[in-house]
Amino acid sequence: MSTPVVGVLAMQGDVREHVRVLRELGAAATRVRRPPELAGVDALVIPGGESTTIDKLLRAFELQEPLKQRIKTGLPVFGSCAGMILLADRIVDGTPDQQTLGGIDMTVRRNAFGRQVQSFEADLDCTALGDGQPYHAVFIRAPWVEDVGPGVDVLATVAAGPAAGRIVAVRSGPLLATSFHPELTGDPRLHRLFLDVVKES
Ligand code: GLN
C-alpha cells in the first residue's frame, strides 16, 4: 500500500484539522459520512468532539454496525478524545443511552479531569515515540483511561501535576487512542505513528 486512504469520520468535531495533518504527512485523507465511503478507506480517524453526539449520528447514518464490523476485522483506527471514548469497550460517566463502538479492552472515564476544567496543556512521557522527547498535549474536556486489559499497550501518561501517572494514550493492535488532540498542536508524531500502523496492517 503506497498511499493509504485514511478516512476521517465526519459526523461532528474537529474533522478539518485531522484531514490537514494527514495530507501534510502524505496520506490521502477523505471524509466519511456514509457506509459506501467507509467501505473505500484503509484506515479511519475518529476526531474529538462530543462522543454522545457522534454516537447518535453514527446510529442515525447507519454507520455504527458497518464500522463495528470493520473494527472487528482489523481496520486501523485512531481516536482522539471523543474518538477514544468511542473505541472503549467500557465507559464511566457516559449518558444512560450512550453506546460505544468498542474495540479496545479498556475503561475510559468521560470528562475525567473535572467538568470545570475545560481545557489545559501538559507535557507527556510518550515512550512509544522512542525519541525521548516529551509530547506537548492539549486536553479539552478530556477523558482518561482507568484500566486496560492485557493486550493493550500504554503509550503515554501525564508526567506531572494532579493527574500525574494517568493513562492518556494507548495502542491495541491497529487501534490507537489519545485523550488529547494531536491535530491541534502542530506536532505530527502521533499521526505519523498511526500511518506506520496503517502501513504495517
Ligand atoms: N467530553 C467530550 C465527550 O464526552 C469529549 C471532548 C473532546 O472530544 N474534546 O465526548
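Nothing here was measured: the structure is a model prediction, and the numbers come from that model.

Conventions we followed
Residue indices begin from 1 for each chain and proceed along its sequence in written order. Owing to the predicted nature of the model, reporting of local features is limited to residues with pLDDT of at least 70; listing and counting of side-chain atom pairs is limited to 80 or more, with chain, interface and lining totals taken over all residues. The side-chain quantities take in all heavy atoms of the structure and omit both hydrogens and water. Counting from the N terminus, the helices are DSSP H or I runs at least four residues long and the strands are E runs at least two residues long. Here a helix's expected span is defined as the number of its residues, less one, multiplied by 1.5 Å. Each residue gets one of three labels from its accessible area relative to the maximum for its type: buried under 20%, exposed over 50%, partly exposed in between, using a 1.4 Å probe on protein chains only. Note on contacts: a residue pair qualifies if any of its non-hydrogen atoms lie within 4.5 Å across the two residues. Nearness here has a simple test: a residue counts as near a molecule or strand if at least one of its heavy atoms is within 4 Å of that partner. In protein, a polar contact means a hydrogen-donor-capable atom and an acceptor-capable atom, both N or O and within 3.5 Å, with residues adjacent in sequence counting only if both atoms are side-chain atoms; elsewhere, any N or O pair within 3.5 Å suffices. Under the scheme applied here, ten amino acids are nonpolar (Ala, Val, Leu, Ile, Met, Phe, Trp, Tyr, Cys and Pro), four are charged (Asp, Glu, Lys and Arg), and all others, including Gly, are polar. Patch construction takes residues with relative accessible area above 30% that form no salt bridge. Like charges are linked within 9 Å, and nonpolar side chains (Val, Leu, Ile, Met, Phe, Trp, Tyr) are linked within 5 Å. Residue exposure ignores everything except the shown protein chains as possible cover, and the areas themselves are Shrake-Rupley values with a 1.4 Å probe. A pairing counts as a salt bridge when a side-chain nitrogen of Lys or Arg comes within 4 Å of a carboxyl oxygen of Asp or Glu. Positive: Lys, Arg. Negative: Asp, Glu. His and the chain ends are not part of the count. Each charge is placed at NZ for Lys, CZ for Arg, CG for Asp and CD for Glu.

**Student:** Describe helix α6 (residues 189-200), naming the residues involved and giving the relevant values.
**Tutor:** Relative to the 16 Å expected for twelve residues at 1.5 Å per residue, α6 spans 17 Å between its end C-alpha atoms, a close match to the ideal helical length. Among all positions of α6, only Arg-189, Leu-190, His-191, Leu-193, Phe-194, Leu-195, Val-197 and Val-198 are buried.

**Student:** I'd like a rundown of the side chain of Asp-55, residues and numbers included.
**Tutor:** By the secondary structure assignment, Asp-55 is in helix α3 (residues 51-60). The class for Asp-55 is buried, based on a relative accessible area of 2%. Ignoring sequence-local partners within four residues, the contact set of Asp-55 consists of Gln-64, Leu-86, Asp-97, Gln-98 and Gln-99.

**Student:** Summarise the site of the ligand; cite the residues concerned and give the values.
**Tutor:** Taken together, Gly-48, Gly-49, Glu-50, Ser-51, Cys-81, Ala-82, Ile-85, Arg-110, Asn-111, Ile-140, Arg-141 and His-181 form the complete shell of residues around the ligand. The separation between a nitrogen atom of the ligand and a polar main-chain atom of Ile-140 is 3.0 Å. At 2.9 Å from a nitrogen atom of the ligand is found a main-chain nitrogen or oxygen belonging to Arg-141. In terms of residue class, the shell around the ligand is made up of four nonpolar, five polar and three charged.

**Student:** Kindly report on a positive patch on the surface, identifying the contributing residues and their values.
**Tutor:** Taken together, the side chains of Arg-16, Arg-23, Arg-31, Arg-33 and Arg-34 make up a positively charged region of the molecular surface. In this fold, Arg-31 is placed in strand β2 (residues 28-32).

**Student:** Break down unusual backbone geometry for me, citing the residues and quoting the values.
**Tutor:** A positive phi angle is found at Cys-81, which is not glycine, with a value near 55°. Residue placement: Cys-81 occurs in the loop between β4 (77-80) and α5 (82-87). The buried category is assigned to Cys-81, whose relative accessible area is 4%. Here the phi dihedral of Asn-111 falls at roughly 45°; this positive angle occurs in a residue that is not glycine. Tracing the backbone shows Asn-111 in the loop between β6 (104-109) and β7 (119-125).

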